[in-house]
Amino acid sequence: MRSLLTFAAVGGGGRATASMTGDTCSTTLYDIPVSNNGARCRAVLYFKGIEDQVKIESPMKTLGGLRSEEYLALNPQGKMPLLTTEAGPIAESDVIVRYLLDKYSEFGPSLIGATLEERTRAESISRHHDMYITTIQGCMYKPVPPFASFGTRTAALKELRKQLDVLETLTSDSGPYLAGPDPTFADAAVFPTMIFCMHSLPKFDWAEAEILGPKLAKWYAMFKSTDVGQRIFDEVQGGLSAWDERGRWDTIRGAGVRDTAEATLFDKILSGDIPSTNVYEDKLCLAFKDINPAAPAHILIIPKARNGLTSLHFADREHQELLGHLMVTASKVAEQEGLAEDGFRVVINDGAKAAQSVFHLHVHVLGGREMTWPPG
């Protein structure tokens, strides 16, 4: 008798449990619907029609959550998905997929590609997805950085744009699937992540029509229309919609939180509308001489993107890398201007009573004379 399996939301959070009737399964996939990495495993189950052989359960309900002793004993990383088998637990979605493809090779489509070219393309796409996209996907929905090696959301989103463009080049020209005429594990891996992209990136002012290249966009629409694609879409999108309802993006800079403060003269300096005597510039900041110097050497260092930093007291973890960069730049500029040997002062004024006159965070580097204490 074939088992019946359905997802049931828990607490409106997009989590799910698996309810089953019929034979007991010895193999269990621990996962929740919103998980894109778990969804690639579920897609394999759906393609192969083996839901009577592999049970799907929420670790939140049956094992006490990802940080419970019981779950960590099975997966020390405390992450999803997790597949438990008679031979032992298997972690990491790509490994789980390969296990399923091997163990259940006689069921449904092979999902590995019929030719060497298709298999190679599927491998390339899947590896690219795992190495360069999922590693930074948190920039679309996590509250604060870092996102892999990126200390700012802006940098991570820029990298995501680059990697989506690379994914476009890897996609089969003829299609209709990513690797060619038949579905493969590459489609199972990429589709759930693209659901995340299509839902999340417009919140950061990405034009929906420009998120995916033409080949990927055509594939996405096609795969979504399939039975497996629609099922995966409904599961993942349901979880993302629950995140919306709970206000997940409301406090994320660039999405729910925007810099709405008025532009300042520093914006005109950055645009070139007001001339400045620049002494240093990189991709994050600009340093120039103060037109009203309070010392023989008086340099201002400003971030190019204010990102809500009108004053220092608005700083949060989104700004952590930038603030550190400004301090390193202050040292570099002081050395460059010949101030390091005799000493220099670094000042950040915060608020009108602290003599802040331009509400775009800036660092003063002063030197060339003896300083007194206390300042001000």
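Look above for the structure.
What you see is a predicted model, and the numbers here were worked out from it, not measured in a lab. (Residues numbered from 1 in each chain as written. Predicted model: local features only at pLDDT ≥ 70, side-chain atom pairs only at ≥ 80, totals over all residues. Heavy atoms only, no water.)

(A) Examining helix α5 (residues 116–133) more closely. In this model α5 runs 25 Å from its N-terminal to its C-terminal C-alpha over 18 residues, within 8% of the 26 Å that 1.5 Å per residue would give. Of the positions making up α5, those classed as buried are Glu118, Ala122, Ile125, Ser126, His128, His129 and Ile133. Take α5 and look down its axis: the buried residues cluster within an arc of 160 degrees, on one side only. In α5, the exposed residues that point more than 90 degrees away from the buried face are Leu116, Glu117 and Arg127. Residues of α5 that are buried in the fold lie against α1 (36–48), α4 (93–103), α6 (153–170) and α7 (185–200). (Helix = DSSP H or I, 4+ residues; strand = E, 2+ residues; numbered from the N terminus. Expected span 1.5 Å × (residues − 1). Buried < 20%, exposed > 50% of the residue type's maximum accessible area, 1.4 Å probe, protein only. Arc of directions from axis to C-beta. Contact = heavy atoms within 4.5 Å.)

(B) View of the pairing of strand β8 (residues 285–289). Most of β8 is tucked away, with four of its five residues classed as buried. Where strand β7 (residues 278–281) and β8 come together, three bridges link them in antiparallel fashion. Directly across from Glu281, in β8, lies its bridge partner Leu286. As consecutive antiparallel partners, β7 and β8 are separated by three residues. Two elements, β8 and strand β9 (residues 297–303), share five bridges in a ladder whose sense is antiparallel. (Pairing = 2+ DSSP bridges.)

(C) Region of the structure containing the packing of α1 against α4. Between α1 and α4, whose axes approach to 8 Å, the crossing angle comes to 10 degrees. If you check the angle between α1 and α4, you find them roughly parallel. Between α1, through Asn37, Arg40, Cys41, Val44, Leu45 and Lys48, and α4, the contact on the second element is made entirely by Ser93, Asp94, Ile96, Val97, Leu100 and Leu101. Partitioning the contact of α1 with α4 into residue classes produces seven nonpolar, two polar and three charged. (Axes fitted to C-alpha atoms, helices over the stretch in contact; angles between N-to-C directions. Parallel < 35°, antiparallel > 145°, perpendicular 65-115°, else oblique. Nonpolar A, V, L, I, M, F, W, Y, C, P; charged D, E, K, R; others polar.)

(D) View of the side chain of Thr264. Tracing the backbone through its elements, the reader meets Thr264 in the loop between α10 (227–245) and α11 (265–271). For Thr264, a relative accessible area of 13% corresponds to the buried category. A distance of 3.1 Å separates the side chain of Thr264 from the backbone nitrogen of Phe266, its partner in a polar contact. Setting aside residues no more than four positions away along its own chain, Thr264 makes contact with Arg306, Val358, Phe359 and His360. (Polar contact = N/O pair within 3.5 Å; in protein donor to acceptor, adjacent residues only side chain to side chain.)

(E) Molecular detail of the state of the cysteines. Within the structure shown, the criterion is met by zero disulfides. Free of any disulfide, Cys197 has its nearest cysteine sulfur in Cys139, 8.4 Å distant. (Disulfide = S-S within 2.5 Å.)

(F) Molecular detail of the sheet that holds strand β11 (residues 363–367). Spatially, the five strands line up as an open sheet ordered β7-β8-β9-β11-β10, and their pairing is antiparallel. Since the sheet does not close on itself, it has two edges, and those belong to β7 and β10 (344–347), each with one partner. For this sheet, the mean inter-axis angle between neighbouring strands, taken without regard to orientation, is 20 degrees.

(G) Fine view of α7. The end-to-end C-alpha separation of α7 is 24 Å, in line with the 22 Å expected for 16 residues at 1.5 Å each. With 16 of its 16 residues buried, α7 lies for the most part within the structure.

(H) Inspection of the packing of α1 against α10 at higher detail. With their axes 10 Å apart at the nearest point, α1 and α10 run at an angle of 145 degrees to one another. Crossing handedness for the pair α1 and α10: right-handed. Counting all contacts with α1, which are made through Ala39, Arg42, Ala43, Tyr46 and Phe47, the residues of α10 involved are Val228, Arg231, Ile232, Glu235 and Val236. Within the contact of α1 with α10, the residues separate by chemical class into seven nonpolar, no polar and three charged. (Left-handed = near helix turned anticlockwise from the far one by under 90°.)

(I) Expanded view of the packing of aromatic side chains. In the structure shown here, the tally under the stated rule is twelve aromatic pairs. Their ring planes at 55 degrees and their centres at 6.1 Å tell us that Phe47 and Phe223 sit as a pair that is tilted. Residue Phe47 is located in helix α1, and its partner Phe223 is located in helix α9 (residues 214–224); the two are separated by 176 residues in the primary sequence. We classify Phe47 as buried; its relative accessible area is 18%. The exposure class of Phe223 is buried, given its relative accessible area of 1%. (Phe/Tyr/Trp six-rings, centres within 6.5 Å; stacked < 30°, edge-to-face > 60°.)

(J) How the structure looks around the environment of Ala330. As for its placement among the helices and strands, Ala330 is situated in helix α12 (residues 320–336). Sequence separation of Ala330 and Leu300 is 30 residues, and the distance between their C-alpha atoms is 9.0 Å. When sequence neighbours within four positions are dropped, the list of residues in contact with Ala330 reads Ile301, Phe344, Val346 and Val365.

(K) Quick peek at unusual backbone geometry. The omega torsion of the bond from Met80 to Pro81 falls at 0 degrees, within 30 degrees of zero and hence cis. Mapped onto the secondary structure, Pro81 falls in the loop between α3 (69–74) and β5 (82–85). At the junction of Pro145 and Pro146, the peptide bond is cis and its omega measures out at 10 degrees in the coordinates. Note on placement: Pro146 falls in the loop between α5 and α6. Phi angles above zero are rare outside glycine, and Glu92 is one such case at about 75 degrees. With respect to the secondary-structure elements, Glu92 resides in the loop between β6 (88–91) and α4. What makes Glu92 partly exposed here is its relative accessible area of 48%. Phi at Asn307 takes a positive value of approximately 50 degrees, unusual for a residue other than glycine. With respect to the helices and strands, the residue Asn307 is situated in the loop between β9 and α12. Here Asn307 falls in the partly exposed class, since its relative accessible area comes to 31%.

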